[in-house]
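Coordinate inspection notes
Each chain is listed here by its residues.
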Amino acid sequence: MNVLWIMADQLRWDYLSCYGATHIDTPNIDRLAAKGVRFDRAYVQSPICGPSRMSFYTGRYVRSHGATWNGFPLRVGEPTMGDHLRDLGVTSTLVGKTHMRPDLEGMARLGLDPESEIGARVSECGFEVFVRDDGTNAAIDKNRHAEDYEAYLRAHGMGGETPWEEWANTAIAPDGSKKSGWLLETAPLPARVPKEHSETAWLTTRGIEFIEAQGDAPWLCHLSYIKPHWPYLAPAPYNDMYSASDLPPVNRREGEHSHPLMREWTKTRICESFSRDEVRDIVAPVYMGLIKELDDQMGRLFDYLESSGRMQDTMVVFCSDHGDNMGDHWMGEKDLFYDCSARIPLIVYDPRAEADATRGTATDKLIEGIDLAPTFQELIGGSALPHIYEGRALTPLLHGQDTEWRDHCISEYDYATRDARRPLGVDQSDARLVMVFDGRWKYIHAETMRPMLFDLETDPEELHDLGDSDAHRAELDRLRDLHFAWARKHHNRITRTPEMIERMTTGREPPGIYIAYLDQEELEAAGLTMPPHLTEPLP
């Protein structure tokens, strides 16, 4: 069995028609959902690219792997899904984005050369790299990893100092001037790059090329798209395929937030910008166009999988790393735990016959992003790793089996680098949030401040914070206790399996260690014998 794991960056779950969206049609992603299981309540372990992805790749919570923000390295030695699958003879290969930043200091301390075979794997989250493309400005970020795409653009006549910037992220204004895609006013203009050479189309091509090159040995391909992540710039015809009239109503509560952190958060530049209707009205239609382009490329990809026969031996997973607030709750970008950001689309197609009964179905079980790594481990035939993986294999849900499932899920957010903490006097060590969601009540622990609480049964739009409501004290206390119980669990005892610990418990002390025995008689009564050379009389 093989795995094709598709991830879109910053894709909202409710902007797909298979999830009920009526303002956009995504027939090809819907087509995958018709073949597999749609998970309706899937949440990431952090609603920001880097820590979310590091949780996907390690199968562990953010507090466990420690890469809590973009650009925070995954520490050297932290085991990843790629490491575990490699032990089973399966290579995990990257085609696209990871947002991984290597722990160069840790590697130097251990004398590990980043250019060596092992050093390269450590630098890439355990993946072998077929192509990496994180889509960042080369003039500013030397770790951008977009060289292959820029070489491709040059080969097709699109040159310049930074072709990614000058073609994929630049438009031409009606007066003939260049307009940077970083400026939101540019969004309605078509990107200079033709649609057949866009990053989304190019990554699809590279993914197909990777699969075509595989033989009979099992493989995992992480096909990781940059879009619909900003810059919000799309090639024609996707740039003006939609207009403001196609947008769903913005989801906002009038008046100031009651929580001090949220009051400060909405004063930041990104939030103030996306709170302006004129900004949302020009950006969100292009966001939809980028999603439509992605869906079209999914059609191309799925056609290939079907015609090549790979649908018969490949698990196909489609998800995103987080959503996009897009003006909802007076916010822009990703960030925080509203469903538009922390909840993601997740569709899993399992080709095994055992999954036939669940094809085209949906489940509202609470899913965490960290569930994918143990799912792949099980699919390949590896032993479970409960001392390392903190997620759960989705196999019982894919196969329609009765099983006890989690009753709450966890997401975390380190806002130490965010502007909002300073007006509140929050020290960087206290700038952390933890979400506990039980399917109805969403509780958000805010260190040094009161919690937030939303009742998604009576308030599905999450407009009314009940965190200071005495009438909801029982729910606040219950969810606080769930958070405390989760925090008390073992999160880093990963070097000894449960089986090893049981053997150690049965064997008590290591061989040759005799503790608290009064004499030889007590020792022998315990079934132990001391080596003769320690008990024989002296000559």
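Bear in mind the structure is a predicted one, so any value in this text is a computation, not a measurement. (Residues numbered from 1 in each chain as written. Predicted model: local features only at pLDDT ≥ 70, side-chain atom pairs only at ≥ 80, totals over all residues. Heavy atoms only, no water.)

Along the backbone of the protein chain there are 19 helices and 14 strands. The C-alpha atoms of the protein chain give a radius of gyration of 26 Å, which matches the 24 Å a tight globule of 539 residues would have. Dimensions of the protein chain along its principal axes, counting C-alpha atoms only, are 105 × 60 × 50 Å. Considering the protein chain as a whole, with its 539 residues, one finds that 56% of them fall into the buried category. The long-range fraction of contacts in the protein chain, counting pairs at least 24 apart against all pairs at least 6 apart in sequence, stands at 70%. Working note: accessible area of the protein chain is about 22900 Å², and carbon and sulfur atoms make up 50% of it. The distance from the centre of the 57 positive side-chain charges to the centre of the 89 negative ones in the protein chain is 2 Å. (Helix = DSSP H or I, 4+ residues; strand = E, 2+ residues; numbered from the N terminus. Rg over C-alpha atoms; globule rule 2.2 N^0.38 Å. Buried < 20%, exposed > 50% of the residue type's maximum accessible area, 1.4 Å probe, protein only. Contact = heavy atoms within 4.5 Å. Areas by Shrake-Rupley, 256 points an atom, 1.4 Å probe, with all protein chains shown as cover. Lys, Arg positive; Asp, Glu negative; His and termini not counted. Charge placed at Lys NZ, Arg CZ, Asp CG, Glu CD.)

This part covers empty space enclosed by the protein. Under the defined criterion, the tally for this structure stands at three cavities of 30 Å³ or more. If you add up the space inside the largest cavity, you get close to 100 Å³. Of all the elements in the fold, those that place two or more residues in the lining of the largest cavity are helix 8 (163-168), helix 9 (199-212) and helix 12 (277-308). Looking at the lining of the largest cavity residue by residue, the classes come out as eight nonpolar, three polar and three charged. (1 Å grid on protein atoms, 1.4 Å probe; cavity = no way out; pocket = protein on both sides within 12 Å on 5 of 7 lines; lining within 4 Å. Points joined across faces, edges and corners; volume = space filled by probe spheres on them. Nonpolar A, V, L, I, M, F, W, Y, C, P; charged D, E, K, R; others polar.)

So, on to the environment of Ala8. Take Ala8: it is sitting in strand 1 (residues 2-9). The exposure class assigned to Ala8 is buried, which follows from its relative accessible area of 1%. In this structure the C-alpha to C-alpha distance between Ala8 and Gln401, which are 393 residues apart in sequence, comes to 29 Å.

This paragraph deals with the sheet that holds strand 13 (residues 441-446). Spatial strand order, 11-12-13-14: four strands in an open sheet with antiparallel pairing. The sheet is open, and its two edges are formed by strand 11 (409-414) and strand 14 (452-455), each paired on a single side. Recorded for the sheet is a direction-independent mean angle of 15° between the axes of neighbouring strands. This element, helix 16 (residues 473-488), spans strand 11, strand 12 (432-437), strand 13 and strand 14 of the sheet and lies at about 65° to strand 13. (Pairing = 2+ DSSP bridges. Axes fitted to C-alpha atoms, helices over the stretch in contact; angles between N-to-C directions.)

Counting residues in each nonpolar core, the largest one holds 64 residues, and the members touching the most others are Leu4, Ile6, Met298 and Phe318. Broken down by element, this core gets its largest block of residues, 14 residues, from helix 12. Leave out the neighbours within four places in its chain, and Met298 touches Ile6, Asn28, Ile29, Tyr225 and Phe318. In terms of nonpolar packing, the next biggest core, distinct from the first, is built from 39 residues, Val3, Ala42, Val44 and Met315 among them. (Core = buried A, V, L, I, M, F, W, Y, C linked by side-chain atoms within 4.5 Å.)

What follows deals with the packing of helix 1 (residues 27-35) against helix 12. A pair of packed helices is captured by two measures, namely the crossing angle of their axes and the spacing between those axes. One way to put it is that helix 1 packs onto helix 12 with a least axis distance of 7 Å and a crossing angle of 50°. With respect to their mutual orientation, helix 1 and helix 12 come out oblique. In this structure, helix 1 uses Pro27, Asn28, Ile29, Arg31, Leu32 and Lys35 to contact helix 12, whose residues at the interface are Lys292, Asp295, Asp296, Met298, Gly299, Phe302, Asp303 and Glu306. (Parallel < 35°, antiparallel > 145°, perpendicular 65-115°, else oblique.)

Time to look at a negative patch on the surface. On the surface, Asp519, Glu521, Glu522 and Glu524 cluster together into a negatively charged patch. With respect to the element layout, Asp519 can be found in the loop between helix 17 (498-507) and helix 18 (520-525). (Patch = residues over 30% accessible without salt bridge, like charges linked within 9 Å, V, L, I, M, F, W, Y side chains within 5 Å. Salt bridge = Lys/Arg side-chain N within 4 Å of Asp/Glu carboxyl O.)

Enumeration according to the criterion identifies 22 aromatic pairs in this entry. Relative to Tyr57, the ring of Trp5 lies with its centre 5.8 Å away and its plane at 75°, an arrangement referred to as edge-to-face. Of the two residues, Trp5 is situated in strand 1 and Tyr57 in helix 2 (residues 49-58); the sequence distance between them amounts to 52 residues. Neither Trp5 nor Tyr57 differs from the other in exposure class; each is buried. Counting every residue linked through ring pairs, the aromatic cluster contains Trp5, Phe56, Tyr57, Phe127 and Phe376. Directly above the aromatic system of Phe437 lies the positively charged group of Lys442, at a separation of 5.7 Å from the ring centroid. (Phe/Tyr/Trp six-rings, centres within 6.5 Å; stacked < 30°, edge-to-face > 60°. Lys NZ or Arg CZ within 6 Å of the ring centre and 35° of its normal.)

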